[in-house]
Amino acid sequence: MLRVNDINKDKDRVIEGLIKRNYNNIGIIDQIIELDNKRKSLQTEADQYQSKINQTSRRIGQLFKEGRQEEAKLAKSEVSAYKESLKKHDTLQKDVLSQLEVALLSVPNIPHPSVIAGQSEDDNEVIRDWPHKLPELEEGALPHWELASQYKLIDFKAGVKITGSGFVLYRGKGARLERALINFFLDEATKAGFEEIMPPHLVNAVSAQATGNLPDKEGQMYHCVADDLYLIPTAEIPITNLYRDMIVREDVLPIKLAGYTPCFRREAGSYGADVKGLNRVHQFNKVEIVQIAHPDRSYQILDQMVEYVAGLLDKLELPYRILRLCGGDLGFTSALTFDFEIFSAAQRKWLEVSSVSNFETYQSNRLKLRFKERDGRNQLVHTLNGSALALARIMAGLLENNQTSQGIKIPEVLQPYTGFDIIK
RNA sequence: GGAGGAGUGGCAGAGCGGUUGAAUGCACCGGUCUUGAAAACCGGCAUACUUUACGGUAUCGGGGGUUCGAAUCCCUCCUCCUCCGCCA
C-alpha cells in the first residue's frame, strides 16, 4: 500500500508510474487526495469536540469535589451536547476512512525508473541472455512428463485420483530428487547467510493483506472458509509477516530469511500446453529468500539476490536467461522484478523458475515494519524476496536437458543429496 | 473438549473510576566525573493522526457498552498459562 503522504507529495511521479503499468483508473489518485483532506478536517473537528469533552469532564470532577452540585449538573448537559455532535462526526469519519482504505488498496506499487512501459510479458526485456548455444537434444528426446512416467518418478494420474488435476505425486527416485533439490537450496541459502524458517502453511487474512496478496490475489489462493485461513501461494507471506508490526534497530538490517514451503495456487483460467506436466501445477515446492533492508541499500541487495539465484542455476548447469519485467507484467506490489527462465530443451520452451523483486515500502507500510534510525526517528524498511528456487519447473528442466541414452544424469552438486548420479 | 487464572511501555512490574501516557526497576541514548572503563550522579527515552508552531486527539490484547469521566466496572472475541480429558 502506498502512503497517502507520498501520493500527495509526488502525485506526478505516481501517475506516471501507473500509466507505465497500463493502470486505467488514474482518477483514483485525485479521489484519494480528496478523501484524505476530508479525513483530516473531520479528524481535526472531532478532536476539538473530544478535547472539550475531556476538559469539561475534568471540571465536573473538580466541581463535585468542591460540592458545587448545581454547576456540575449544568456542565453535564454541556458534555452531552458535545457528545451528540461527536457521534455524528464519527459515522462520517468511519465512512471516509473505509473509502480511503479501499481506494489505497486498489493502487499498485510505482515501478522503478528502469522499468519500461510495455503491455504484456512479450515486452519484458531480456537483460542477460544465455551466452552459449542452447542445448540441442538428440532425435527422440522426450518431454519431462514422458520421462517422469517412463522412469516412474512422477505419477500424474495418482495426483488426479487423490486430489484433482494439477496435483502430482512424486515417487521413488523422483521423490528423492525433489527432496534433494529442497535440501540443496536450503543449504545454499544457509551458506549465503540466510536464517532458515519453517513457517505455517496457512495464513490469516491480515497476513495475506499485509504482503499485498489480498485483495489483489483473492481468487488465486485456496481459502479455508470454515476457519477463514488461506493456503499460502508462496512462503513470502508467512516469512515476511514474521516482522509485521515491528520496529527493529537499524543495525540488525539487512534481515535475511529463507524458507521452504509447498505453494498452493488455484491458477484459475490456465489451460492448454502451459499446464502440461509440471509446467503449471496447483501445488509445488519452493525455497523462498526474503530480505528486510535499509532503503538506501535495497537496490544493491536486489542485485545481490539476482546474482545469488544465477549462481544456483549455474551450479545446476541449467541454461537460463534473466528478464526485467515491463510495467504491464510487473506484479501488483513490486517496484522492480527480475524473472529467471530456464530453457527446457525437449519442449523448446523457456520456463519461469524465479522472480526476484524489490517492494520498497509498499509492503512495509502495510506491515508496519520500520527501523529506528540513529537519531531516533522511525522509517519504513524496504522488503525484497525471490524464489531460490521454484522446484517443479527445475525438475522439468533437469529431466529434459539431462536425458541421455543411458538415463537421466544428475548434476554433480545434487549427487551428495540424491545418493545416485543417474536415473536409469 | 471441560474447569480456573491472566493479558499494562523494549523487558520486568505498580496502578485507587477523575490533571495517569501511565509509578518503580532494568535495558538503551546523551552528559558530568575518570588517563580509559566501571561505579555514582544529572538529563532523555512509546506509537499514530493533526498543527507553521504552542498545542490537541487516540492507543494499557481486539471490539462494543455503562458513566459527565474508564487501564480501572460490564459484555464479547482473541491469545497465553494451570488442571482434567483426548491424541500424532
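Residues numbered from 1 in each chain as written. Chains lettered and ligands numbered in written order. Predicted model: local features only at pLDDT ≥ 70, side-chain atom pairs only at ≥ 80, totals over all residues. Heavy atoms only, no water.

## A word on the sheet that holds strand β7 (residues 229–231)
Consideration 1: The 3 strands lie next to each other as β5-β7-β6, forming an open sheet whose pairing is antiparallel. Where the open sheet ends on each side, the last strands, each with one partner, are β5 (202–204) and β6 (223–224). (Pairing = 2+ DSSP bridges. Helix = DSSP H or I, 4+ residues; strand = E, 2+ residues; numbered from the N terminus.)

## Describing the pairing of strand β11 (residues 320–324)
Consideration 1: Of all 5 residues that make up β11, 5 are buried, and the element is covered over most of its length.
Consideration 2: On β11, burial covers both faces: Tyr320, Ile322 and Arg324 on one face and Arg321 and Leu323 on the other are all buried.
Consideration 3: In this structure, strand β1 (residues 125–128) lies alongside β11, joined through 3 bridges in antiparallel fashion. By the bridge assignment, Glu125 is partnered in β11 with Arg324.
Consideration 4: Where β11 lies against strand β12 (residues 336–344), 5 bridges are found, and the strand directions are antiparallel. Residue pairing across strands places Ile322 opposite Phe340, the latter belonging to β12. (Buried < 20%, exposed > 50% of the residue type's maximum accessible area, 1.4 Å probe, protein only.)

## Re the state of the cysteines
Consideration 1: All told, the structure shown has 0 disulfides when counted by the stated rule.
Consideration 2: Here Cys263 is not disulfide-linked; the sulfur of Cys224 is the nearest cysteine sulfur, at 15 Å. (Disulfide = S-S within 2.5 Å.)

## What about unusual backbone geometry?
Consideration 1: Each neighbour pair has its own omega, and for Leu253 with Pro254 the value is -5°, a cis peptide bond.
Consideration 2: Position of Pro254 relative to the elements: it lies in the loop between β8 (246–249) and β9 (255–264).
Consideration 3: Omega for the bond connecting Ala388 with Leu389 falls within 30 degrees of zero, at 0°, which places this linkage in the cis form.
Consideration 4: Structurally, Leu389 can be placed in strand β16 (residues 382–390).
Consideration 5: Even without glycine at this site, Asp228 takes up a positive phi of about 50°.
Consideration 6: As for its placement among the helices and strands, Asp228 is situated in the loop between β6 and β7.
Consideration 7: A positive phi angle, close to 55°, is found at Arg348, a residue other than glycine.
Consideration 8: Relative to the assigned elements, Arg348 resides in the loop between β12 and β13 (349–360).
Consideration 9: The class of Arg348 is partly exposed, set by a relative accessible area of 39%.

## Details of the nonpolar core
Consideration 1: In terms of nonpolar packing, the biggest core is built from 62 residues, with Phe185, Leu278, Leu313, Leu316, Phe340, Leu389 and Ile394 touching the most fellow members.
Consideration 2: Here this core takes 9 residues from helix α10 (residues 298–315), the largest share from any one element.
Consideration 3: Other than its neighbours up to four places away in sequence, Phe340 contacts Val306, Val309, Ala310, Leu313, Tyr320, Arg321, Ile322, Leu351, Glu352, Val353, Ser354 and Val356. (Core = buried A, V, L, I, M, F, W, Y, C linked by side-chain atoms within 4.5 Å. Contact = heavy atoms within 4.5 Å.)

## What to know about the packing of aromatic side chains
Consideration 1: The full count for this structure, using the stated rule, is 8 aromatic pairs.
Consideration 2: When the ring of Phe194 is compared with that of Tyr308, the centres are 5.9 Å apart and the planes differ by 50°; the resulting orientation is tilted. Taken as a pair, Phe194 in the loop between α7 (173–191) and β4 (195–197) and Tyr308 in helix α10 lie far apart in primary sequence, 114 residues in all. Across this residue pair, the class does not change: Phe194 and Tyr308 are buried.
Consideration 3: Each residue in the set Trp130, Tyr320 and Phe340 is aromatic and connected to the rest through ring pairs, giving one cluster.
Consideration 4: Seen from the ring of Phe420, Lys173 lies directly overhead, with NZ or CZ sitting 5.0 Å from the centre.
Consideration 5: The ring of Phe194 carries Lys256 above its face, with NZ or CZ at 4.7 Å from the centroid. (Phe/Tyr/Trp six-rings, centres within 6.5 Å; stacked < 30°, edge-to-face > 60°. Lys NZ or Arg CZ within 6 Å of the ring centre and 35° of its normal.)

Any link to function would need more than the numbers given here.
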